[in-house]
Amino acid sequence: DWTPAAFVQETIERIKQEVGDKKVVMALSGGVDSTVAAELIHKAIGDKLYCIFVDNGLLRKNEFESVLESYKHMGLNVKGVNAKDLFYGELKGVTDPETKRKIIGRLFIEVFQQEANELKDIAFLGQGTIYPDVIESVSVNGPSATIKSHHNVGGLPEKMNMKLVEPLRFLFKDEVRRVGKEIGISDIFLARHPFPGPGLAIRILGEITPEKVALLQEADAVYIDGLRESNLYNQVWQAGTILLPVQSVGVMGDERTYEFTVALRAVTSLDGMTADWAHLPYEFLAKVSNDIINKVKGINRVVYDISSKPPATIEWE
Ligand code: XMP
């Protein structure tokens, strides 16, 4: 019988044997998988695990700072790298979704590789690969594997001449969560919604600018905080805010406004392959719409996405 406790014990032993006194480098994303994988490796080899957490400027509001703080609190040997300007610079003028993904994937690898090279004598690359990623990358299934290039799986090892340490390679998501609970990882990580590698870049339709990122971060924070406060966060599989490339007329006080629209997305799903739009209470939608428009200068209209997947997708790009 599979139990988290036995898995943790065996895995730590196996990593100790495999890695010995060599060094491991690993990229953290703030997500469940990389966090649980890192903590398992950390338990096996301590500070010989070097973690790198990149700020691509496309994370949620305050996410980089607060997640980095949590990692340090866990005792992980982690370096936060601010690469915002690099990402914004290369994304300037780019509107095509797949081109955005490719640029972000390439820059991420460049930044990570440079940081890893500075560490010297690294023999292993740690990764939070889970079983569904393994299946997807041999492309048996699904729209998101074939339509969209996922950058956070693969790409790194071939270029880096390192052996892989992938403690979660044979686990499903629910097992990863159970293992995480077993080793004391906080709900901040375990109960977090999935978040795409390219981040807010694919939730800003059209061109990305630092100003649009800031605008979307503000609206998104009101929405996500609202979901938490209303105890709805854990009832949806994923939620996010999309900044649309249209401006429309509104009225604020006795002034005419001409500002942006955001779309709110929330879905229920088991694995992201299919999804239904979440039937959030009207009272909640009414409140959050008011809050966004009142608090976020630059947005005067909020819409709710009532499309299911298929035929729509969860993300808009
Ligand atoms: P879609 O939009 O294809 O999304 O219905 C399904 C799930 O995949 C996430 N997603 C991505 N994750 N890189 C990622 O790491 C990507 O390029 C990417 N595109 C979509 C999406 O957030 C949802 O959870």
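Residues numbered from 1 in each chain as written. Predicted model: local features only at pLDDT ≥ 70, side-chain atom pairs only at ≥ 80, totals over all residues.

A. Spotlight on the domain arrangement of the protein chain. Once the domains are mapped, the protein chain shows domain 1 (4-190) and domain 2 (209-304). If you look at the interface, domain 1 gives seven residues, while domain 2 gives eight residues. Its residues assigned to classes, the side of domain 1 that touches domain 2 comprises two nonpolar, three polar and two charged. (Domains from an automatic or database assignment. Contact = placed C-beta atoms within 7 Å. Nonpolar A, V, L, I, M, F, W, Y, C, P; charged D, E, K, R; others polar.)

B. Focus on the sheet that holds strand β1 (residues 23-28). Read across the sheet, five strands follow the order β3-β2-β1-β4-β5 without closing on themselves; strand pairing throughout is parallel. Strand pairing shows two members of the sheet lacking a second neighbour, β3 (78-82) and β5 (163-165), which therefore form its edges. Between one strand axis and the next, the sheet turns through 30° on average, direction left out of account. Pairing of strand β4 (residues 122-126) with β5, which is carried by three bridges, proceeds in the parallel orientation. (Pairing = 2+ DSSP bridges. Helix = DSSP H or I, 4+ residues; strand = E, 2+ residues; numbered from the N terminus. Axes fitted to C-alpha atoms, helices over the stretch in contact; angles between N-to-C directions.)

C. Structural detail: the pairing of β1. Burial of β1 is extensive: five of the six residues sit out of reach of the surface. Across five bridges, β1 lies against strand β2 (residues 49-55) in parallel orientation. Bridge pairing in β2 places L28 opposite F53. Where the polypeptide runs from β1 across helix α2 (residues 32-45) and back to β2, its parallel neighbour, the crossover connection is right-handed. (Buried ≥ 20, exposed ≤ 12 C-beta atoms within 10 Å, placed from the backbone. Right-handed = clockwise from strand over helix to strand, strands pointing away.)

D. Spotlight on the UniProt feature "binding site: ATP" (unreviewed entry) in the protein chain. The feature "binding site: ATP" (unreviewed entry), as given by UniProt, occupies S29, G30, G31, V32, D33, S34 and T35 in the numbering adopted here. Secondary-structure assignment places G31 in the loop between β1 and α2. Overall, G31 belongs to the partly exposed group, with 17 C-beta atoms counted inside 10 Å. Sequence-distant contacts of G31, that is, excluding residues within four places in its chain, are made with R192 and F195. When you line up the elements, S34 lands in helix α2. (UniProt positions renumbered as here; feature names shortened; annotations may be inferred.)

E. Structural detail: the nonpolar core. One finds V24, M26, I41, C51, A219 and I292 to be the most contacted residues of the largest nonpolar core, which totals 71 residues. Beyond its immediate sequence surroundings of up to four residues, M26 is in contact with A38, I41, L49, C51, L125, G126 and Q127. (Core = buried A, V, L, I, M, F, W, Y, C linked by C-beta atoms within 7 Å.)

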